[in-house]
Amino acid sequence: MKILRMMLLIIVLLAGVSGLFAEEEAETDEYHWAGGLSVIAPGMPVAAKVVYQDGGWGWQGEFNYFLMLGEARLDGRRIIRGEKGTDLYAFAGFTLNHFNQNYNAETPTNLLEFIFSADAGVGAEWRFTKHLGIGAEGGLLIPLWQNNPDSDYTDSGIMVANLYVLWWF
């Protein structure tokens, strides 16, 4: 809970001060596609991030895979407020997580756990230049389906946050 509050505070602070440092000419050039890297909590794996934004509406996806953990996320996004290189936005979509639950040496069954969740949250992106942007997101994953009925995530929500770097082209 403290991490989520801290992430939301950082998002608000970045949004508040970004108008002071944004370049005026960045508003005249429009870039619709971006690609970059994202660091996702909990677990802190690195993911590839793709964003398409045309006007107020867009979409974003994040994808990663490690031996013990993987994720595929696809969200719609809507800019709530955008000015001088700063975008405050809301997002909602779906996430599929993969966990390899092979921790118990007494019963060495290789249980692949899949969790399909709805996700929603808010984010902010601050563009330092015409092409380079950094951002932060915070939200909630709400599990809709999982293949393991004894999962730790049954009937619960998971707070998530991420930091990312994007290159707009």
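**Focus on empty space enclosed by the protein**
Right, on to step 1. Under the definition given, this model contains one cavity of 30 Å³ or more.
Right, on to step 2. Roughly 110 Å³ of volume is contained in the largest cavity.
Right, on to step 3. Lining the largest cavity are 16 residues, with Arg73, Phe91, Glu137, Val160 and Asn162 sitting closest to its centre.
Right, on to step 4. Within the residue set of the lining of the largest cavity, elements represented by two or more residues are β4 (69-83), β5 (86-100), β6 (112-127), β7 (132-146) and β8 (158-168).
Right, on to step 5. The element that contributes the greatest number of residues to the lining of the largest cavity is β7, accounting for five residues.

**Some remarks on the pattern of salt bridges**
Right, on to step 1. With the rule as written, the count across this model stands at seven salt bridges.
Right, on to step 2. When the shortest N-O distance is used, the salt bridge between Lys49 and Glu137 registers 3.4 Å. On the criterion of sequence distance, the pair formed by Lys49 in strand β2 (residues 46-54) and Glu137 in strand β7 is long-range, its members being 88 residues apart. Residue Lys49 shares its accessibility class with Glu137, and that shared class is buried.
Right, on to step 3. With a closest N to O distance of 2.9 Å, Glu137 and Arg73 form a salt bridge.

**A word on the sheet that holds β6**
Right, on to step 1. If you trace the eight strands once around the closed barrel, you get β1-β2-β3-β4-β5-β6-β7-β8, paired in antiparallel fashion. Between one strand axis and the next, the sheet turns through 25° on average, direction left out of account.
Right, on to step 2. For strand β3 (residues 57-65) and β4, the ladder comprises nine bridges, and the chain directions are antiparallel. Pairing of Gly61 across the sheet is with Leu74, part of β4.

**Things to note about the confidence of the model for the protein chain**
Right, on to step 1. In the predicted model, the protein chain carries a mean pLDDT of 78, and 70% of its residues have values of at least 70.
Right, on to step 2. When mean pLDDT is compared element by element in the protein chain, β2 scores highest at 93, while helix α1 (residues 2-21) scores lowest at 50.
Right, on to step 3. Ignoring residues within four places in sequence, the model shows residues 15-28, a span with pLDDT below 50, making 18 contacts including any to other chains.

**Here we look at the nonpolar core**
Right, on to step 1. One finds Tyr31, Ala34, Val51, Ile79, Tyr89, Phe91, Tyr164, Leu166 and Trp168 forming the largest nonpolar core, which totals nine residues.
Right, on to step 2. Only β5 and β8 provide two or more residues apiece to this core.
Right, on to step 3. Ranked by residue count, the leading element in this core is β8, at three residues.

Conventions used here
Residues numbered from 1 in each chain as written. Predicted model: local features only at pLDDT ≥ 70, side-chain atom pairs only at ≥ 80, totals over all residues. Heavy atoms only, no water. 1 Å grid on protein atoms, 1.4 Å probe; cavity = no way out; pocket = protein on both sides within 12 Å on 5 of 7 lines; lining within 4 Å. Points joined across faces, edges and corners; volume = space filled by probe spheres on them. Helix = DSSP H or I, 4+ residues; strand = E, 2+ residues; numbered from the N terminus. Salt bridge = Lys/Arg side-chain N within 4 Å of Asp/Glu carboxyl O. Buried < 20%, exposed > 50% of the residue type's maximum accessible area, 1.4 Å probe, protein only. Pairing = 2+ DSSP bridges. Axes fitted to C-alpha atoms, helices over the stretch in contact; angles between N-to-C directions. pLDDT = per-residue confidence, 0-100. Contact = heavy atoms within 4.5 Å. Core = buried A, V, L, I, M, F, W, Y, C linked by side-chain atoms within 4.5 Å.

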